[in-house]
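Structural features, examined
Now for the letters of each chain:
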Number of protein chains: 2
Amino acid sequence: MSIVVVGSVALDSVETPFGRVDRALGGAATYFSTAASLYTQVQMVGVIGDDFPQTHVDFLQTRGVDIRGLQRKAGQTFHWAGRYDYDNLNNAQTLDTQLGLFASFDPRLPDEYRAADCVFLANIDPVLQLKVLEQVRQPKLKVLDSMNFWIESNKAKLTEVISKVDVVLMNEGEALQYGETFSLITAARKILGLGPKVLLAKKGEYGAALFADKTYFFAPAYPLEVVKDPTGAGDTFAGGFLGYLASAGDYSLAAMKRAVLHGSAMASFTIEDYSIDRLRTLTLADIEQRVQQFAHFTNPEGNLPFEGLVLARELTTDD
Amino acid sequence: MSIVVVGSVALDSVETPFGRVDRALGGAATYFSTAASLYTQVQMVGVIGDDFPQTHVDFLQTRGVDIRGLQRKAGQTFHWAGRYDYDNLNNAQTLDTQLGLFASFDPRLPDEYRAADCVFLANIDPVLQLKVLEQVRQPKLKVLDSMNFWIESNKAKLTEVISKVDVVLMNEGEALQYGETFSLITAARKILGLGPKVLLAKKGEYGAALFADKTYFFAPAYPLEVVKDPTGAGDTFAGGFLGYLASAGDYSLAAMKRAVLHGSAMASFTIEDYSIDRLRTLTLADIEQRVQQFAHFTNPEGNLPFEGLVLARELTTDD
């Protein structure tokens, strides 16, 4: 089963209390593809400049990512610089944004992409998200992410895209902002009322909630002792979620709940290191282990030894 | 099985986006006793002034609360005034605090209280908490709550009390502050290193995490569409938690996990109305229903219909 992802491919400069990286591999489509490619075939649509290191392209290819839709042009790759403070690891402070070629990004799907089973519309202009939907044939699952910028600047167009997708993935705060409410349940009602089957509200270090007509499901985040860099956690979550679903070929609500645990487990690894570095060596067995732990630590009859969490710490501080 | 609770009994004036109440029944010991008395015998220690309405005392007695340790003196009852804003229902803004008789509170346990099975030291001066521990014989479970004020003003004494109790109950932010860390796992290590078997970290609308030497357990908060007044949620949580344990006579880690769900369910009712009003008519069957729902909405194999949550909304908007 294949997934088309359309979104940013970037070079990120990130400062955290634990260190910094300059012009490291980043972008929503990158995190998503790196995560989802552990499960299934990913077809990427994006744009990069002549400043984008070939090693990053090579890396994506070693993951089996189809990059025929990754346009390389003369000019600058999208560059984002941000900082996380100790008391606010959930929210980055943006220091600089240089859109470069991303400002004129025109997503075009190669013919081979049009029959994809799933589409992930990462956080880009809803006008472009609509253009992508016009280019795919009959995907089994269409998933959208967005952000406050589009809610504020083009809510009408965003609403149009929302009405055409199956799953809306947003940060909790963005879902509330979109719903013009302080209750996530009210926001869920409004968003589901527009057509989507599912709202997946991401709560950062507090987990994720799934709302559907007949279902409420909540998954806490995996507890970590050390968080090195939260960048890309949401897109990694999406990659684990959609990668699991596409590989299973099962888009039922029951499968989506299991997929949320895969997304949460995958995201917990991403934030243990900068950029997509932790994902480079990650295996499906590593993810499965944390997914199993989720079943224990939310179940009063289960038993997750505290020692199980030490493992996570040691993974992060040793490398 | 009986529980001794020592803490504030207050008259609270609270403003929320949904309305306000003036000099309503409040205080940590009040919320705790009202909640725990649904499960078991509660023995209360506190102080009230001659301005404290007798109807409140009568109410506690109708719940079977033993008030022989509730001192009534000439003077003012502890009065707290606070406000919650739309964007911060987790944290009250204190408008006014008048300690009144609480400033010279000297907790004395009637002889009949000394053989209690459990002790709940609500958030008071750690010097007084120690005095209480000296007056009980051999309780099976000692639980402590505290707050930033004592961490900042008398950490040495607070540490001494922590080393003498079985369960430490703190807000997440307070546990981090106490542990001088930004990782709750690190904070848990430090606190458990002092002697307690369990750290229960309350995360407000995001739930509660239980840390023990061999166990990590997480319970999300019950999702509510309308929150009227978050005051007392933490003490109600403690009342449900300890009430369940004492009534079961089981203080194992397995029982504590189930008790966390009872505490969370109980707290979800408290915040649906002002003061302890929602608890007045609450039954154990109501709580059991939400506890059962918890098992569904964190289990990918479970199924909690979205409609189940509508019930919560209707309870809050109709009364």
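Model, not experiment: these values are computed from the prediction.

Let's talk about the side chain of A:Glu174
Residue and element names in this part refer to chain A. By secondary structure assignment, the location of Glu174 is in helix α6 (residues 172–179). No salt bridge is formed by the buried Glu174. Its closest oppositely charged neighbour is Lys202, at 5.9 Å. The contacts of Glu174, once residues within four sequence positions are left out, are Ser146, Met147, Asn148 and Ile151.

Some words on the packing of aromatic side chains
Two measures describe an aromatic ring pair: the distance that separates the ring centres and the angle between the ring planes. Counted by the stated rule, this structure contains 21 aromatic pairs over all chains. A centroid spacing of 4.0 Å and a plane angle of 5° characterise the contact between A:Tyr206 and B:Tyr206, whose relative ring orientation is stacked. With one member in each of two chains, A:Tyr206 in the loop between β11 (198–202) and β12 (208–212) and B:Tyr206 in the loop between β11 (198–202) and β12 (208–212) form a pair that bridges those chains. Of the two residues, A:Tyr206 and B:Tyr206, neither departs from the other in class, the shared state being buried. The interplanar angle of 20° and the centroid separation of 5.4 Å between the aromatic rings of B:Phe102 and B:Phe105 together place this pair among those described as stacked. Its relative accessible area of 16% is what places B:Phe102 among the buried residues. Aromatic ring contacts, followed pair by pair, group A:Phe211, A:Tyr216, B:Tyr222, B:Phe294 and B:Phe297 into a single cluster. Over the ring of B:Tyr178 we find B:Lys155; its NZ or CZ atom is 4.6 Å from the centre of that ring. The ring centre of B:Phe269 lies 3.7 Å from the NZ or CZ of B:Arg290, which sits over that ring.

Quick notes on the pattern of salt bridges
Residue and element names in this part refer to chain A. Enumeration over the complete set of coordinates arrives at 42 salt bridges over all chains. A salt bridge links Asp145 to Lys202, with the nearest nitrogen and oxygen atoms 3.5 Å apart. Residue Asp145 is located in strand β9 (residues 141–145), and its partner Lys202 is located in strand β11; the two are separated by 57 residues in the primary sequence. For the pair formed by Asp145 and Lys202, the shared burial category is buried. A salt bridge links Lys228 to Asp273, with the nearest nitrogen and oxygen atoms 3.9 Å apart. Placement of the pair is Lys228 in the loop between β13 (215–219) and α8 (233–248) and Asp273 in the loop between α9 (253–270) and α10 (277–280), with a sequence separation of 45 residues. Look at Asp273 and you get buried, because its relative accessible area is 13%. Each of Glu15, Arg20 and Asp22 takes part in one network of salt bridges that share partners.

Some thoughts on the sheet that holds strand β5 (residues 66–72) of chain B
Residues and elements named next belong to chain B. Read across the sheet, nine strands follow the order β5-β4-β1-β8-β9-β10-β11-β12-β13 without closing on themselves; strand pairing throughout is mixed. The sheet is open, and its two edges are formed by β5 and β13 (215–219), each paired on a single side. Across the sheet, the axes of successive neighbouring strands diverge by a mean angle of 15°, strand direction being ignored. Pairing geometry for strand β9 (residues 141–145) and strand β10 (residues 167–171), over three bridges, is parallel.

Details of the confidence of the model for chain A
All names here are of chain A. Across chain A, the average pLDDT comes to 91, with 93% of residues at 70 or higher. Predicted confidence is poor over residues 310–319, with pLDDT under 50, and the contacts of this stretch with residues over four places away or in other chains come to 20 contacts. Reported confidence for the predicted complex is 0.84 by ipTM and 0.89 by pTM.

With respect to helix α3 (residues 126–135) of chain A
Residues and elements named next belong to chain A. Among the 10 residues that make up α3, seven are buried, leaving the element largely enclosed by the rest of the structure. For α3, the full list of buried residues reads Pro126, Leu128, Gln129, Leu130, Val132, Leu133 and Gln135. Contacts made by the buried residues of α3 are with β1 (2–6), β8 (118–121), β9, α4 (148–153) and α5 (155–162). Its side-chain oxygen 2.9 Å from the backbone nitrogen of Val127, Asp125 forms the N-cap of α3.

Regarding the sheet that holds β1(A)
Residue and element names in this part refer to chain A. One open sheet holds the nine strands; their spatial order is β5-β4-β1-β8-β9-β10-β11-β12-β13, and the pairing between them is mixed. Unpaired on one side and paired on the other, β5 (66–72) and β13 mark the two borders of the sheet. Neighbouring strand axes in the sheet, compared pairwise and without regard to direction, differ in orientation by 15° on average. Relative to β8, β1 runs parallel, the two sharing four bridges. Each residue of the ladder has a partner; that of Ile3, found in β8, is Cys118. Set on the sheet, α6 makes contact with β10 (167–171) and β11; between it and β10 the angle comes to about 110°.

What counts and what doesn't
- Residues numbered from 1 in each chain as written.
- Chains lettered and ligands numbered in written order.
- Predicted model: local features only at pLDDT ≥ 70, side-chain atom pairs only at ≥ 80, totals over all residues.
- Heavy atoms only, no water.
- Helix = DSSP H or I, 4+ residues; strand = E, 2+ residues; numbered from the N terminus.
- Buried < 20%, exposed > 50% of the residue type's maximum accessible area, 1.4 Å probe, protein only.
- Lys, Arg positive; Asp, Glu negative; His and termini not counted.
- Salt bridge = Lys/Arg side-chain N within 4 Å of Asp/Glu carboxyl O.
- Contact = heavy atoms within 4.5 Å.
- Phe/Tyr/Trp six-rings, centres within 6.5 Å; stacked < 30°, edge-to-face > 60°.
- Lys NZ or Arg CZ within 6 Å of the ring centre and 35° of its normal.
- Pairing = 2+ DSSP bridges.
- Axes fitted to C-alpha atoms, helices over the stretch in contact; angles between N-to-C directions.
- pLDDT = per-residue confidence, 0-100.
- Polar contact = N/O pair within 3.5 Å; in protein donor to acceptor, adjacent residues only side chain to side chain.

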